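This is what each chain is made of:
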Amino acid sequence: MTILMELVVQTTFSYLGTIAFAIMINIPRRALNACGLCGMAGWLTFWLLYQVGSGRMVANVMGSLILGVMGLYFARKKKMPAILFNIPGIVPLVPGATAYQAVYEMVLGSVNKAIIYSVRVLLVAGGIAVGFMLTSLLSEIMTKIRQHRMTIK
């Protein structure tokens, strides 16, 4: 499969998967497209960085950072809470298959493999959390800069 075709597949399914999850958790209809775009952007950031060899952690941090920034943007644009965009948007980044493999290896009794997969899940979850923390930090910094500019004028 060519890289362009693979990019189209990744884009399409990350968008649709995010919207499907947003519908399942009853996100308002007017936010669905923005949720899909957030999830798609986060996943594509992760996927592209991972393809060029940056590693899972960096790719997850950057994917969740982009997702968080877009969530803040859509929250302001649509006058809705950012969490409405972040929760469905995070779904493509969640390491569900790796968590399944960890449990599967535990059931089989392969403790070493189970530990490896479990650590991988924890690292990815930590990377996602760090990305959202960086988004929050950037948001606070931008707010302080805006407030400082207003006091100067």
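Colleague: In this structure, what is going on with the overall build of the chain? I would like to understand it.
Modeller: When helices and strands are tallied, the chain shows six helices and zero strands. Going from the N terminus to the C terminus, the chain shows its helices and strands as α-α-α-α-α-α. A total of 153 residues make up the chain; the buried ones form 36% of that total. Residue pairs in contact within the chain that sit at least 24 positions apart in sequence constitute 65% of those at least 6 positions apart. Roughly 9,500 Å² of accessible area belongs to the chain as shown, and the carbon and sulfur atoms make up 71% of that amount.

Colleague: Looking at this model, I keep getting lost on the side chain of N86. Mind explaining?
Modeller: Looking at the element boundaries, N86 is found in helix α4 (residues 83–89). Given the relative accessible area of 13%, N86 is considered buried. Sequence-distant contacts of N86, that is, excluding residues within four places in its chain, are made with L67, G68, G71 and F132.

Colleague: Help me understand helix α2 (residues 32–51) in this model?
Modeller: The periodicity of an α-helix, 3.6 residues per turn, causes residues three or four positions apart to be oriented the same way. In a regular helix each residue adds 1.5 Å, so 20 residues correspond to 28 Å; α2 covers 28 Å between its end C-alpha atoms and thus fits that length. Summarising burial for α2: 14 of the 20 residues are buried, a large majority.

Colleague: What exactly am I supposed to notice about the nonpolar core here?
Modeller: Nonpolar side chains tend to gather and get buried jointly when the protein is soluble and globular. In terms of nonpolar packing, the biggest core is built from 22 residues, with I27, F46, F85 and L93 touching the most fellow members. Only α2, α3 (56–78), α4 and α6 (111–152) provide two or more residues apiece to this core. Here this core gets seven residues from one element, more than from any other, and that element is α2. Those residues in contact with I27 that lie beyond four places of it in its chain are A22, L32, C35, L84 and P88.

Colleague: How should I be thinking about the packing of α2 against α3 in this particular structure?
Modeller: Each pair of packed helices gets described by two things: the angle between the helix axes and the distance between those axes. Where α2 contacts α3, the two axes come as close as 8 Å, and the packing angle between them is 160°. Between α2 and α3, the crossing angle belongs to the class labelled roughly antiparallel. Here the hand of the crossing between α2 and α3 comes out right-handed. The segment α2 lies against α3, with A34, L37, C38, G39, A41, G42, T45, F46, L49 and Y50 engaging R56, V58, A59, N60, M62, G63, I66, L67, M70, G71, F74 and K78. Counted by class, the contact of α2 with α3 contains 14 nonpolar, six polar and two charged residues.

Colleague: Explain the state of the cysteines here, please?
Modeller: Note on terminology: a disulfide is the covalent bond linking the sulfur atoms of two cysteines. Within this structure, the stated rule accounts for zero disulfides. C38 supplies the cysteine sulfur nearest to C35, a cysteine that is in no disulfide, at a spacing of 6.6 Å. Judged by relative accessible area, C35 falls into the buried class, the value being 0%. Overall, the relative accessible area of 0% leaves C38 in the buried class.

Colleague: I tried to follow the packing of helix α5 (residues 96–108) against α6 on my own but got confused; where do I start?
Modeller: In contact at an axis separation of 8 Å, α5 and α6 are set at 155° when each is read in the N-to-C sense. It follows from the interaxial angle that α5 and α6 lie roughly antiparallel. Note that α5 runs across α6; the crossing there is left-handed. Between α5 and α6, the contacting residues are T98, A99, Q101, A102, E105 and M106 on the first element and K113, A114, Y117, S118, R120 and V121 on the second.

Colleague: Just checking my understanding: could you explain the environment of I19 for this structure?
Modeller: Within the secondary structure, I19 is located in helix α1 (residues 3–24). In this structure, the C-alpha to C-alpha distance between I19 and V91, residues 72 residues apart in sequence, is 9.9 Å. Among all residues touching I19, those that are not within four sequence positions of it are L32 and G36.

Conventions we followed
- Residues numbered from 1 in each chain as written.
- Predicted model: local features only at pLDDT ≥ 70, side-chain atom pairs only at ≥ 80, totals over all residues.
- Heavy atoms only, no water.
- Helix = DSSP H or I, 4+ residues; strand = E, 2+ residues; numbered from the N terminus.
- Buried < 20%, exposed > 50% of the residue type's maximum accessible area, 1.4 Å probe, protein only.
- Contact = heavy atoms within 4.5 Å.
- Areas by Shrake-Rupley, 256 points an atom, 1.4 Å probe, with all protein chains shown as cover.
- Expected span 1.5 Å × (residues − 1).
- Core = buried A, V, L, I, M, F, W, Y, C linked by side-chain atoms within 4.5 Å.
- Axes fitted to C-alpha atoms, helices over the stretch in contact; angles between N-to-C directions.
- Parallel < 35°, antiparallel > 145°, perpendicular 65-115°, else oblique.
- Left-handed = near helix turned anticlockwise from the far one by under 90°.
- Nonpolar A, V, L, I, M, F, W, Y, C, P; charged D, E, K, R; others polar.
- Disulfide = S-S within 2.5 Å.

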